[in-house]
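Breakdown of the fold
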Amino acid sequence: ELGAYDHYMLKEIYDQPRALAATFHACDNLLRDDSCFGDGAAAIFDRVNNVQIAACGTSYHAGMVARYWLEELAGIACEVEVASEFRYRKRVQHEGTLLLTISQSGETADTLAALRNAGEHEFVGTMVIANVDNSSLVRESDLVFLTRAGAEIGVASTKAFTTQLVALLMLTIALGRRRGMSPEKQQEVINALQRLPDFVEETLELDTNIQQLSEAFIPKHHALFLGRGIQYPIAMEGSLKLKEISYIHAEAYPAGELKHGPLALVDDDMPVVAVAPGDELLEKLKSNLEEVRSRGGELFVFADRAAGFSSEPRVKVLNMPHCPEVIKPIVYTVALQLLSYHVAVQKGTDVDKPRNLAKSVTVE
Ligand code: F6R
């Protein structure tokens, strides 16, 4: 089953161009038709004013990315919360809210509890984005979108996450269409989704370069991931992957928070990964690092190759494919997956079955 790959995780990372295309093709005509989101989707979507997302772990990160898309492109207010908090908290519920759960397995106990508690509030409907058909969340939600990732065996979620993002971007179009998202803008997003598998392919071709970068992380005990805006949740996902499979302590911060505390940690034991910083941000990060240069801080930058950044002492740049902004979170995720994978392999951890973790968390 593994074929030419050493681990399921690597196989699943490389399966992403196929999985993303298959997920995108689940909908025939996003500009007009909502039927791919389940029977009755149109009637529910017509009434949606807000989206409340509940999910865990990597699926929660997908929800965080979706918040940027829904608010910016679709003009729909969106809140995102980890399901284990959401389920127990006394909340104030806005009218016209769609409860959206996101779950690869469709069986995560906290996410399922979030759905089952939904009855206590007035939702216009419940929807799940899941990868496993006939799972509990799928059976119990009003609307269902199944990602086409195929079976994911590695415990660390890779293709399930990126296909969730495709589903969420398609949902953004379906809801945005009702809220004045222009047909041109809708088409632009569709075009970007169409080209997404090619950009992911191009990113996979950077594998050797990423492996080279990864070597610096092997002796480290800590790492910081920085992102801004929609790339902040991607920094979170990058840091989760690294801690999960390589057992290196990693934390993610919005880039602007660096100087409000974590900068104090930066020394030669603390590599800093910056995800897709623009020009201005990179300059700021560099000057931040300048302050700690004498202490050995090192910056790893994953940036659009069109931005023209080049490596210099203590700043290593990985030139990423030049792709539309809207799909950058998906494309950059793939590079961060490869980074963690290579660190873990070189550290000799059990990549597909990291210690203490289970693929499906069906207990609290
Ligand atoms: C991390 C990972 C977990 C899951 C989380 C939720 O790589 O896989 O954080 O994302 O346990 O699982 P699902 O998506 O099945 O609800």
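So, here's what we can say about the structure. (Residues numbered from 1 in each chain as written. Predicted model: local features only at pLDDT ≥ 70, side-chain atom pairs only at ≥ 80, totals over all residues. Heavy atoms only, no water.)

Looking only at helices and strands, the chain features 13 helices and 10 strands. Whereas a compact globule of 364 residues would reach a radius of gyration of roughly 21 Å, the chain reaches 20 Å, a difference of no more than 12%. Principal axes of the C-alpha set define a box for the chain whose edges measure 60 × 45 × 40 Å. Per-residue burial for the chain yields a buried fraction of 59% across its 364 residues. When contacts within the chain are restricted to residue pairs at least 6 apart in sequence, long-range pairs at least 24 apart make up 76% of them. If you average the places of the 35 positive and of the 50 negative side-chain charges in the chain, the two averages end up 2 Å apart. (Helix = DSSP H or I, 4+ residues; strand = E, 2+ residues; numbered from the N terminus. Rg over C-alpha atoms; globule rule 2.2 N^0.38 Å. Buried < 20%, exposed > 50% of the residue type's maximum accessible area, 1.4 Å probe, protein only. Contact = heavy atoms within 4.5 Å. Lys, Arg positive; Asp, Glu negative; His and termini not counted. Charge placed at Lys NZ, Arg CZ, Asp CG, Glu CD.)

Applying the stated criterion across every chain, the model contains four aromatic pairs. Judged by centre distance (5.7 Å) and plane angle (40°), the ring pair of tyrosine 5 and tyrosine 14 falls under tilted. A residue is classified by how much of its surface remains accessible, and tyrosine 5, at 29% relative accessible area, is partly exposed. With a centroid separation of 4.8 Å and 45° between ring planes, the pair formed by phenylalanine 217 and phenylalanine 300 is classed as tilted. On the criterion of sequence distance, the pair formed by phenylalanine 217 in the loop between α10 (207–214) and β6 (222–227) and phenylalanine 300 in strand β9 (residues 299–304) is long-range, its members being 83 residues apart. Relative accessible area serves as the criterion here: at 1%, phenylalanine 217 is assigned to the buried category. Residue class for phenylalanine 300 comes out buried when judged on its relative accessible area of 1%. In textbook terms, an aromatic cluster arises when at least three aromatic residues are bridged by ring pairs, as seen for Phe37, Phe45 and Phe145. Between the NZ or CZ atom of arginine 67 and the centre of the ring of tyrosine 68, over which it lies, the distance is 5.6 Å. (Phe/Tyr/Trp six-rings, centres within 6.5 Å; stacked < 30°, edge-to-face > 60°. Lys NZ or Arg CZ within 6 Å of the ring centre and 35° of its normal.)

Another aspect to go through is the state of the cysteines. Applying the stated criterion to the full structure yields one disulfide. Sulfur of cysteine 56: no disulfide; nearest cysteine sulfur belongs to cysteine 78 and is 16 Å away. The class of cysteine 56 is partly exposed, set by a relative accessible area of 22%. (Disulfide = S-S within 2.5 Å.)

Moving on, we come to the site of the ligand. Near the ligand lie 13 residues; those nearest to it are Ser59, Ser103, Gln104, Ser105 and Thr108. Separating an oxygen atom of the ligand from a side-chain N or O atom of serine 59 is a distance of 2.6 Å. In the model, an oxygen atom of the ligand is placed 2.4 Å from a nitrogen or oxygen of the threonine 108 side chain. Relative to its unbound accessible area of 400 Å², the ligand is 89% covered by the protein chains. Those elements giving two or more residues to the shell around the ligand turn out to be α4 (57–72) and α11 (231–246). Ranked by the residues each element gives to the shell around the ligand, the list is headed by α4, at three residues. Residues that form the shell around the ligand fall into these classes: three nonpolar, eight polar and two charged. (Near = heavy atom within 4 Å. Polar contact = N/O pair within 3.5 Å; in protein donor to acceptor, adjacent residues only side chain to side chain. Areas by Shrake-Rupley, 256 points an atom, 1.4 Å probe, with all protein chains shown as cover. Nonpolar A, V, L, I, M, F, W, Y, C, P; charged D, E, K, R; others polar.)

Residues Phe37, Phe45, Trp69, Met127 and Phe302 are the most contacted members of the largest nonpolar core, which totals 95 residues. Setting aside its immediate chain neighbours within four residues, phenylalanine 45 contacts Asp34, Phe37, Leu98, Met127, Leu143, Leu171, Ala174, Leu175 and Arg178. Residues Leu224, Val272, Ala274 and Ala303 belong to the second largest nonpolar core, which totals 20 residues. (Core = buried A, V, L, I, M, F, W, Y, C linked by side-chain atoms within 4.5 Å.)

Treat this as a map of the structure, not an account of what it does.
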